[in-house]
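# Structure assessment
Below are the chains, spelled out letter by letter.
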Amino acid sequence: MIVRIIHDVSVVGGRAVLLCDDAGAPLPMQGRVVLDQSVAEETTITVTFHVDGDLVRIAN
């Protein structure tokens, strides 16, 4: 998995963070990405996916 920063005019600041597969293609159904960079804490990325049972499925 790769985390990419891309230019995106629909996002404030003009850049967006995306999770991608090993070939660089964005993972499907990403709805929201939150980058949290707190002082003296680890940086975290939280990604929310829209689960539709087809493109994103929950497997056990």
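Placed above this text is the structure.
The text that follows walks through the structure, step by step, so that each part is easy to find.

Moving on: a nonpolar patch on the surface. Taken together, the side chains of V3, L35 and I45 define a hydrophobic patch exposed on the protein surface, amounting to about 240 Å² of accessible area. Secondary-structure assignment places I45 in strand 4 (residues 44–49). Given the relative accessible area of 39%, I45 is considered partly exposed.

You can see L18 is positioned in strand 2 (residues 15–20). Between the C-alpha atoms of L18 and I6, which are 12 residues apart in sequence, the distance is 7.5 Å. Those residues within four positions of L18 in sequence are excluded, and the remaining contacts are I2, V3, R4, I6, P26 and Q30.

Quick look at the side chain of Q30 now. For Q30, the location among the structural elements is in strand 3 (residues 30–36). Looking at Q30, the relative accessible area reads 18%, which means it is buried. At 2.9 Å, the side chain of Q30 forms a polar contact with the backbone oxygen of L27.

A separate point is unusual backbone geometry. Positive phi values are uncommon outside glycine, yet M29 reaches one of about 70°. Relative to the elements of secondary structure, M29 occurs in the loop between strand 2 and strand 3. Taking relative accessible area as the criterion, M29 reaches 25% and is therefore assigned partly exposed.

Cut-offs applied
Residues numbered from 1 in each chain as written. Predicted model: local features only at pLDDT ≥ 70, side-chain atom pairs only at ≥ 80, totals over all residues. Heavy atoms only, no water. Patch = residues over 30% accessible without salt bridge, like charges linked within 9 Å, V, L, I, M, F, W, Y side chains within 5 Å. Areas by Shrake-Rupley, 256 points an atom, 1.4 Å probe, with all protein chains shown as cover. Salt bridge = Lys/Arg side-chain N within 4 Å of Asp/Glu carboxyl O. Helix = DSSP H or I, 4+ residues; strand = E, 2+ residues; numbered from the N terminus. Buried < 20%, exposed > 50% of the residue type's maximum accessible area, 1.4 Å probe, protein only. Contact = heavy atoms within 4.5 Å. Polar contact = N/O pair within 3.5 Å; in protein donor to acceptor, adjacent residues only side chain to side chain.

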